[in-house]
Every structure is written in C-alpha cells, then in structure tokens.
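A structural walkthrough
Below are the chains, spelled out letter by letter.
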Amino acid sequence: MPIATPISISRRALFGLIAGASVAAKGRMALADASLTFDELYGKVSVLGLEFSQKVKSLAGQEVRMRGFMAPPLKAEAAFFVLTEIPMALCPFCSSDSDWPDNIVVVYLGEKQTFVPPGQAIEVRGTLEVGSWTDPETGFVSLLRLRSSQFYTV
C-alpha cells in the first residue's frame with residue numbers, strides 16, 4: 001500500500017487559489033444572471049428622446065433575459081414578436097423610433113413559432129441589440145431588440 005505524501009502549500013498560494021476561484025464563480029454567475037427589467041431599459045427621458053441606461057449599454061451584445069408578455073402577433077406563426085411590460089390587446093408597434101414606447105422590446109426568434117396568449121407571462125433569453133434599426137422585411141422600427149431568442153412560459 002502506497003504511503004500518502006502530504007501536500008505543502010503556502011498561505012499566500014492558498015489565498016490566491018481561493019480568490020481566483022471566487023472571481024471565476026462570480027463571472028459565471030454574472031453571465032447567468034444578466035437580467036433586465038423594463039424599468040432598467042432607459043436612464044432618462046428628455047426633449048431629445050429616450051436615453052439608454054448604463055446597464056443596457058454595458059449589456060449590449062450579450063445574452064440577457066427579460067420577463068414580460070407577448071403582444072398579439074401580426075401572423076399566427078412568425079419569427080419575431082413584441083415583448084411588453086403589461087399584457088396588451090393590440091400590437092404596440094409605432095411608425096418611428098421617436099414614438100417608440102419605453103416598455104416594449106422586439107424579440108427575434110431563431111425560427112418561426114406559434115405564440116402564447118397575450119396574458120401569459122413569459123421569460124425571453126436572447127442577445128441584446130441596442131440602437132435604432134428598421135426591419136427590412138416589415139418596415140418596423142425598433143430601439144431595442146433581442147436576437148437569436150427563445151421564450152418560455154413562467
């Protein structure tokens with residue numbers, strides 16, 4: 001039977017390992033917990049329009065999750081929908097980004113899907129895209145989008 005050899009490690013090295021593990025764990029948790037609420041989307045509203053919050057700016061291009069409600073889609077199956085803060089009976093799209101409501105986000109799915117009733121709460125996960133953009137297919141204008149998204153009922 002082999003004899004176990006004790007491992008010797010300095011206190012400094014031990015603290016370094018613990019600190020490194022802590023930073024790595026916090027990084028993974030931050031990625032998993034990148035959530036946004038409708039109240040966190042904009043920093044202020046001025047005569048120049050809506051200004052994105054620092055949180056939105058820092059999360060641009062990253063995967064985030066949001067909770068809300070699916071606005072009634074234009075078609076029974078589509079590759080996008082509008083996530084709203086409260087249940088809506090009508091689609092909330094506007095004609096320009098200057099009229100953009102501060103409580104909606106456009107969600108683009110990976111593929112066409114059948115949607116849920118407008119009163120059903122959902123959670124959406126997707127890549128946050130920030131800035132004015134016009135959809136070439138529909139002509140709809142948006143300020144915030146979630147790309148390559150999936151949604152789940154909650």
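Everything discussed here concerns the structure shown above.
As the structure is a prediction and not an experimental result, all values here were calculated from the model.

Parameters at a glance
- Residues numbered from 1 in each chain as written.
- Predicted model: local features only at pLDDT ≥ 70, side-chain atom pairs only at ≥ 80, totals over all residues.
- Heavy atoms only, no water.
- Helix = DSSP H or I, 4+ residues; strand = E, 2+ residues; numbered from the N terminus.
- Contact = heavy atoms within 4.5 Å.
- Areas by Shrake-Rupley, 256 points an atom, 1.4 Å probe, with all protein chains shown as cover.
- Buried < 20%, exposed > 50% of the residue type's maximum accessible area, 1.4 Å probe, protein only.
- Polar contact = N/O pair within 3.5 Å; in protein donor to acceptor, adjacent residues only side chain to side chain.
- Phe/Tyr/Trp six-rings, centres within 6.5 Å; stacked < 30°, edge-to-face > 60°.
- Lys NZ or Arg CZ within 6 Å of the ring centre and 35° of its normal.

When you go through the protein residue by residue, the secondary structure sums to two helices and eight strands. Put simply, the protein runs from its N terminus to its C terminus through helices and strands in the order α-β-β-β-α-β-β-β-β-β. Taking the contacts inside the protein whose residues are at least 6 apart along the sequence as the reference set, 65% of them involve residues at least 24 apart. When the accessible surface of the protein is split by element, carbon and sulfur atoms take 58% of a total near 9600 Å².

Along the chain, the position of Ser53 falls in the loop between strand S3 (49-52) and helix H2 (54-59). A relative accessible area of 9% places Ser53 in the buried class. At 2.5 Å, the side chain of Ser53 forms a polar contact with the backbone oxygen of Glu40. If we ignore the near neighbours within four places in the chain, the residues touching Ser53 are Glu40, Leu41, Tyr42 and Gly43.

This part is about the packing of aromatic side chains. The geometry of an aromatic ring pair is captured by the separation of the ring centres together with the interplanar angle, meaning the angle of the planes. Enumeration according to the criterion identifies six aromatic pairs in this entry. Between Phe81 and Phe115 the ring centres are 5.7 Å apart and the planes differ by 65°, which places this aromatic pair in the edge-to-face class. A residue pair is termed long-range when its members are at least 10 positions apart, and Phe81 in strand S5 (residues 77-84) and Phe115 in the loop between strand S6 (104-114) and strand S7 (121-134) qualify at 34 residues. Each member of the pair, Phe81 as well as Phe115, carries the same accessibility label: buried. Through successive ring pairs, a cluster of aromatic residues spans Phe80, Tyr108, Trp133 and Phe140. When the ring centre of Tyr108 is taken as origin, the NZ or CZ atom of Arg147, which lies over that ring, is 4.3 Å away. Its guanidinium or amino end placed over the ring of Trp133, Arg147 lies 4.4 Å from that ring's centre, counting from NZ or CZ.

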